[in-house]
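An overview of the molecular structure
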Amino acid sequence: MDLRKEHISVLLPINSSDTIYGPQARKSLKRHWNQLSRFQKNLICIVLVGLCIFVFFLVSYDDTTSKQSKIEQPLEHIQIAPFKDRHENLGQLHLAEAAPERDRIFHSTESKVEEVNLAANGNGIPHDDNRNSIDEPPAMIQNHRRENNNHQSHEHENEVKIRSEPKDVVENEENVLEENRRSDSANDFKGPTNVRQRAVVDAFLHSWKGYKEYAWGHDNLKPISMSYSDWFGLGLTIVDALDALYIMDLQDEFDEARSWVDQYLRFDVNRDVNLFEVTIRVLGGLLSTYHLSGDKMFLDKALDLGKRLIPCFDSPSGIPYSDVNLETMKAHPPKWSPDSSTSEVTTLQLEFRDLSRSTSNNDFEMAATKVNVKIHDLEKNEGLVPIFINANTGQFRNFATISLGARADSYYEYLLKQWLQTGKKTDDFLIDDYQTAIRGVINQLVRKTPNEKHLYIGELINGKDFKPKMDHLTCYLPGTLLLGYKNGMPKSHLKLASDLLETCYQTYMKQPTQLAPEISYFNLNGESESDIYVKTNDAHNLLRPEFIESLYYFYAITGNKTYQDMGWTIFEAFNKYTKVKNGYTSIGNVKNQLNTRPRDMMESFWLGETLKYFYLLFSDDRSEIDLDKYVFNTEAHPLPIREY
Ligand code: DMJ
């Protein structure tokens, strides 16, 4: 072949300064401009001036000027533009690089007094007058009792008479039953009403079948080895799943679970358990099922358990020990450390308060709310708390990490939710602490990635050194922030919620499996090629619920069905990569579709939380659980809101 005749075309990199921004470009622009008619030039000038005026108005918009319109806007009609659209509409804030801009947007109008007064009335319309006058009446305990469940209710009416409960308990219980009778026809759960909800129920039943066959009565199913694992030996999966079974109207499965609880769930066992885990999963599950079904057997079990857990609070400081032996009722710190986790000691209050109010035994509420006061009195970093606290001294561990993820997450969640649980009537310091903390988050933990501008929440190692790391656990926060905004928290919370929701979604979508890892890292100063990256050791997915929980709040509060579509994408990914013959399994690697490394573990929160939130997210009725009447505990167990 004669090489000289061949035409070889080579694309050489061109110096960008000569093209897009350089003198050549300027010359050619000028040439084009000169070729335009006067009319065309005038038209372009008018459009440019109009554009400048529009941008000026956009930029000068802030909370102060919008306060009035915020007050008048019914929350039901808030449409949070999802993702791409919202990017285009709101523009991007460079939080890390532009602190003054950040401060202007997030803080300029955050007067504590005004915020607290922005409570919502029954229509979801915030008022700025005295919130005591606009709160709803105490929520009635709804009776969602199903027809074939009525015999249980009659049975427990008899039980009330036969058993020798203290008089006040009996009276309270009779009031509850009376309330149930009054609301008998309200809010029956009807089961799935569309294809997506049916798919969730199928996933639930598939998991339940595997659990029933290979792990019945044990804590967790190991679906691949067709065996089980026990953590506390309390049938965690059954108890965690009770109210989901009820809400999904799975009557036969609910009945078999109920019989197991009635006959086999015993707490007089010589076993050490973790106060927090047993409170949120078992106590929370029993209480919520009691409220939904009206079946007093669940309350009796909850009361027995509560009495065995309460010795944890008997420490020198009142900050509870992390563990207790259910039989001897001796409490102690964890074996591996002298300290309790901060989230663990501050994520008991919804359950203990509800137990007190359901049984008229104040001990539980008193013990748990003392912890609120203790924590409130401790010095914090702009409302942010270290992740460890000592039950003996009652002090935070010096130089402990500050994080919105593991070991601190639900501290912030319960500040807001306790206030909601009591019809916004608890001591104001809880909601004040919540607002201070969110301000601290915005000031100290929020950053945006340099290229794609993802907003994320990092951690302060040793309480001071910023680390661009975010646990999947943190993805509960967008939902909680939106719930707070619906109830009168400032607009800066809404903005943070929607930006963070988007980032959490990206932690799923950026993975080949479309499942999020346990921990994501973010590009801080351009040191990494991609803005979101995952380390090999953090690439597992435990079937966790937090992001689905947030999507649920976004859908339930805004009615925007885009959040359902996002959830559906993730639900399909769970089906594709975590479904196995006998259930669903945690996986070790979300980064490779062909090597997901199944871990052979189905955690109880898959049924108790993740699938429940999926089911509610896909509901045609976004008030299937009425957020003005119920508050979900951190394990997705709904508890009634009541002022007394
Ligand atoms: C659940 O037990 C609860 O949601 C808790 O608050 C955090 N961890 C798990 C689920 O991820």
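Residues numbered from 1 in each chain as written. Predicted model: local features only at pLDDT ≥ 70, side-chain atom pairs only at ≥ 80, totals over all residues. Heavy atoms only, no water.

1. Thoughts on the overall build of the chain
Stated formally: The helix count covers DSSP runs of H or I at least four residues long, the strand count covers runs of E at least two residues long, and both are numbered beginning at the N terminus. In this scheme, a residue with accessible area under 20% of its type's maximum is buried, one over 50% is exposed, and one in between is partly exposed, where area comes from a 1.4 Å probe on protein chains only. Computed with a 1.4 Å probe, the accessible areas rest on the Shrake-Rupley method; for each residue, only the protein chains presented here act as cover.
Broken down by element type, the chain carries 23 helices and 18 strands. Counting the 644 residues in the chain, one finds 59% classified as buried. Accessible surface, the chain as shown: approximately 27200 Å² in total, 52% of it carbon and sulfur.

2. Considerations on the site of the ligand
To be explicit about the condition: Put simply, a residue is near a molecule or strand once any heavy atom of it comes within 4 Å of that molecule or strand. Here a polar contact means two N or O atoms within 3.5 Å. Within protein one must be a hydrogen donor candidate and the other an acceptor candidate, and residues neighboring in sequence count only if both atoms are side-chain atoms.
Near the ligand the following residues occur: Ile280, Arg281, Leu473, Arg544, Pro545, Glu546, Phe605, Glu609, Thr634 and Glu635. Within the side chain of glutamate 546, one N or O atom sits 2.6 Å away from an oxygen atom of the ligand. At 2.8 Å from an oxygen atom of the ligand is found a side-chain nitrogen or oxygen belonging to threonine 634. For the shell around the ligand, the secondary structure elements donating two or more residues are helix 12 (275–293) and helix 23 (604–617).

3. Digging into the sheet that holds strand 12 (residues 469–471)
Stated formally: For two strands to pair, DSSP has to find at least two bridges joining them.
Strand order in the open sheet formed by 3 strands is 12-13-14, with antiparallel pairing between adjacent strands. Two strands lie at the open edges of the sheet, namely strand 12 and strand 14 (532–533), each paired on one side alone. Of the pairings in the sheet, the one linking strand 12 to strand 13 (residues 519–522) comprises 3 bridges and is antiparallel in character. Its bridge partner being in strand 13, lysine 469 is matched across the sheet by tyrosine 521.

4. A word on the packing of aromatic side chains
What counts, and what does not: Any pair of Phe, Tyr and Trp rings, taking the six-membered ring for Trp, is counted once the centres come within 6.5 Å. Such a pair is stacked with planes under 30 degrees apart, edge-to-face with planes over 60 apart, and tilted for the rest. Counting as a charge over the ring demands two things of the Lys NZ or Arg CZ atom: a distance within 6 Å of the ring centre and an angle within 35 degrees of the ring normal.
By the definition in use, this model includes 31 aromatic pairs. Both rings, one in phenylalanine 571 and one in phenylalanine 614, keep their centres 5.1 Å apart while their planes meet at 75°; by these two values the pair is edge-to-face. Within this pair, whereas phenylalanine 571 is found in helix 22 (residues 562–578), its partner phenylalanine 614 is found in helix 23, the two being separated by 43 residues in sequence. Grouping residues by exposure puts phenylalanine 571 and phenylalanine 614 together as buried. Above the face of the tyrosine 521 ring, lysine 535 is positioned so that its terminal group lies 4.0 Å from the ring centre.

5. Re the environment of lysine 307
The condition is simple: The contact criterion used throughout is that any non-hydrogen atoms of two residues lie within 4.5 Å.
Mapping lysine 307 onto the fold places it in helix 13 (residues 296–309). For lysine 307, a relative accessible area of 45% puts it in the partly exposed group. Sequence separation of lysine 307 and methionine 329 is 22 residues, and the distance between their C-alpha atoms is 8.7 Å. Once residues within four sequence positions are removed from consideration, lysine 307 is found in contact with Met329 and Phe364.

6. Structural notes on the environment of arginine 439
Along the chain, arginine 439 falls in helix 18 (residues 428–445). Here arginine 439 falls in the buried class, since its relative accessible area comes to 19%. Measuring from C-alpha to C-alpha, the distance between arginine 439 and histidine 493 comes to 8.9 Å, with 54 residues separating the pair along the chain.

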